[in-house]
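Single-letter residue listing:
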Amino acid sequence: MCGIIGYKGSKNASEIVIEGLKKLEYRGYDSYGFAIKQNNSFEIIKEVGKIHKFNKELPKSNIAIAHTRWSTHGSVTKENAHPHVYNNIAIVHNGIIENYQELKNKLKNHEFKSETDTEVIAHLIGESNLPFEQAFKETIKQLDGTFAILAINKDSDQILAARKGSPLVIGIKDNDYFIASDIPAFLKHTNKVLFLEDDEIAVINDKIKISNIYTNKEIKRKPMEISWSIEEAEKNNYPHFMLKEIHEQADIIEKINQKRVLNNEILFSNLNLTENEIKNIKRIVLVACGTSWHSALIAEFMFEELLKIPTEVEYASEFRYRDPILDENTLVIPISQSGETADTLAALREAKSKGAKIVSLVNVHGSTIERESDSTIHLDAGPEIGVASTKAFTSQLTMLYYLTIYFGKVRNILPLQQIENRIRDIKLIPNLIRSILNNGKEVLECADKYYLKKNALYLGRGINFPIALEGALKLKEVSYIHAEGYPAAEMKHGPIALIDNEMPVFFIATKDNRTYKKVISNIEEVKARGGIIISIATIGDKEIRELSDFTMYIPETSYILTPILASIPMQLLAYYIAVKKECDVDQPRNLAKSCTVE
Ligand code: M6R
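Everything in this summary refers to the structure shown in the same document. Model, not experiment: these values are computed from the prediction.

Along the backbone of the chain there are 17 helices and 27 strands. Against the compact-globule benchmark of 25 Å for 598 residues, the chain has a radius of gyration of 25 Å, which places it among compact chains. Relative to its full complement of 598 residues, the chain shows a buried share of 62%. Relative to all contacts within the chain whose residues are 6 or more apart in sequence, the contacts with residues 24 or more apart total 71%. Averaging the locations of the 74 positively and 80 negatively charged side chains of the chain gives two centres separated by 1 Å.

With that settled, the discussion passes to the nonpolar core. For soluble globular proteins, the rule of thumb is that nonpolar side chains tend to be buried together. Ranked by size, the top nonpolar core spans 98 residues in total, and within it Leu-286, Phe-407 and Tyr-458 carry the most contacts. Formed jointly, this core draws a minimum of three residues from each of two domains, domain 2 (237-437) and domain 3 (441-580). Apart from residues no more than four positions distant in its own chain, Phe-407 is found in contact with Leu-271, Leu-273, Ile-278, Ile-281, Leu-307 and Leu-331. By size, the runner-up hydrophobic cluster in this structure holds 30 residues, among which are Ile-5, Leu-21, Ile-45 and Ile-226.

So, on to empty space enclosed by the protein. Under the counting rule described, the total for this entry stands at three cavities of 30 Å³ or more. Taken as a whole, the largest cavity holds about 220 Å³ of empty space. Surrounding the largest cavity, 24 residues form its lining, Arg-27, Ser-181, Asp-182, Ser-338 and Val-364 being those nearest its centre. A domain split of the lining of the largest cavity shows at least three residues from each of domain 1 (3-226) and domain 2 (237-437). Approximately 100 Å³ is the volume found for the second largest cavity. In terms of lining residues, the second largest cavity is bounded by 17 residues, among which Cys-2, Trp-70, Thr-72, Gly-95 and Asp-117 are the most central. For the lining of the second largest cavity, a count of residues per class yields five nonpolar, 10 polar and two charged.

Take the pairing of strand 10 (residues 176-180) next. For strand 10, the tally of buried residues reaches five of five residues, placing the bulk of the element in the interior. Where burial is concerned, the two faces of strand 10 agree: the one with Asp-176, Phe-178 and Ala-180 and the one with Tyr-177 and Ile-179 are both buried. Taken together, the four bridges between strand 1 (residues 3-8) and strand 10 define a ladder with antiparallel strand orientation. The partner of Tyr-7 across the bridge, within strand 10, is Phe-178. Relative to strand 10, strand 9 (residues 169-173) runs antiparallel, the two sharing five bridges. Paired with Lys-173 across the two strands is Asp-176, which belongs to strand 10. If you look at the hairpin formed by strand 9 and strand 10, you'll find two residues sitting between the two strands, and Asp-174 has a positive phi there, around 50°.

With that out of the way, let us pick up the sheet that holds strand 23 (residues 455-460). The strand order across the open sheet built from five strands is 24-23-25-26-27, with neighbouring strands paired in parallel fashion. The open sheet has two edge strands, strand 24 (482-487) and strand 27 (550-554), and neither has a second partner. Between one strand axis and the next, the sheet turns by 20° as a mean value, whatever way the strands run. Examined bridge by bridge, strand 25 (residues 504-508) and strand 26 (residues 532-538) share five bridges and lie parallel to one another. Across the sheet, Ile-508 pairs through a bridge with Ile-536, a residue of strand 26. Its contacts with the sheet place helix 15 (residues 516-528) against strand 25 and strand 26, and it is angled at close to 175° to strand 25.

Reading guide: rules and limits
- Residues numbered from 1 in each chain as written.
- Predicted model: local features only at pLDDT ≥ 70, side-chain atom pairs only at ≥ 80, totals over all residues.
- Heavy atoms only, no water.
- Helix = DSSP H or I, 4+ residues; strand = E, 2+ residues; numbered from the N terminus.
- Rg over C-alpha atoms; globule rule 2.2 N^0.38 Å.
- Buried < 20%, exposed > 50% of the residue type's maximum accessible area, 1.4 Å probe, protein only.
- Contact = heavy atoms within 4.5 Å.
- Lys, Arg positive; Asp, Glu negative; His and termini not counted.
- Charge placed at Lys NZ, Arg CZ, Asp CG, Glu CD.
- Core = buried A, V, L, I, M, F, W, Y, C linked by side-chain atoms within 4.5 Å.
- Domains from an automatic or database assignment.
- 1 Å grid on protein atoms, 1.4 Å probe; cavity = no way out; pocket = protein on both sides within 12 Å on 5 of 7 lines; lining within 4 Å.
- Points joined across faces, edges and corners; volume = space filled by probe spheres on them.
- Nonpolar A, V, L, I, M, F, W, Y, C, P; charged D, E, K, R; others polar.
- Pairing = 2+ DSSP bridges.
- Axes fitted to C-alpha atoms, helices over the stretch in contact; angles between N-to-C directions.

Below, the structure written as structure tokens:
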């Protein structure tokens, strides 16, 4: 994915797009570029590297577009960086043009300067004899694939925008217009936004005109106000977004608690499901990727154990290739921080086409997954900028917990007393998270001791197995240490061969009356083979300290809520190790915050 921004208005467009692009850097950070309109010419600046290091002054203007790249077609070079220019036209693009080669072949005698799929768009618009707006429309109609595109013309004061499958949102402040891939790019200036939908184009002049590309019908849409604050999109005094977002988790869950509970009643007023529909759910299928997939695995425990509804968790990327069996009594829950993950969206569409009900969990307002779902539960985590997902994960777990209790009440399966107890448990979580964060010394020591290791295993059982997966994912993505998560009992079926005295093995070994004793046996097995034992244990557990080379403690909570607490030291550990290794914590190599391509 890439980030794009355009601005037209009374302020200095150059400053606004530089600043905005810096806020979008999480979407792509291998190269960047600007097209600044100057009277009847463009000033084009392209650089390889990260936009936050850019400190040159650009010429003043009232119209500019800009792009930060996560390369798909063509390597990381200045030539491949956007904007791409042809004749009078400059464009920036987020997405993939699948038929670009075919389109290029039609453009005989055109010399292409880049290896990208994007450049052809500038050529198609730029060679047309039609007026700018019409040439843009005719070009867009020829494109297959996904895109959010901004185009400017040397001879016009318009910005034209089109979207299909990649996000595009317009910020409005009086007669100033900001068009970007995501709200934080302009949140400093306005929280009044309009989301562009698929197959729509926007003509931004002194006002905005939105129309459907195929029907030409003008679309009147009222701007909405977004409740995110500027502070939420800034690092404030934290060195990295990841650390800030880890620290925000207690407050976020506290706010969710306030919003979702009133006098021991769980509130889900926007859920577009009738009581009968909830009662008729025969099966739940969760689809997601990465960290969101890990929260789906935890939800499986919640739904099966508390609701007794058969539940399956699917990798969104694989779901549609299996011809899944679904019907109107299947509830499909796509989980996605960004709401734009292409695989999750494709799984949603597959489920919808087969008649399933779709209730998604999404953090980013106005996202495609939200728009295509029957209803959406917002995670209320605020903007998550660090590429490694942290606060979205614990918000997902909190929302899934509330959804479980809500369904349990409607389906008459959870006794009132249990509902009250479970609400009491979740209300304690924010302070328990604070206590883990305030005792971060242990985690720092652990990072100090083991940051030079090349590999790590993460093991857990039951509801802690997904936390083993999440711990391993966090470590590998931010610190580049090879890490794998396994159910602790699976270890003996293969991974045990990896154990030697260089291998740290993280055990998520919190006390419970289900698998704790068995995990202790797994620890013994690793110890007997010389592995380094690092445990995440429940406060007061001395037995585990005896067995471990290093122990990090978390407070006690109910079984179902343990993953929320256990994930905090996992996140912190990955963070501190990455910092010690001088890795780029917020923008790990090769990664993009959300994968909008399949
Ligand atoms: O926006 P989504 O939740 O759909 O993103 C899914 C994954 O791409 C995401 O969780 C990814 O694994 C993160 N980098 C994990 O930290």
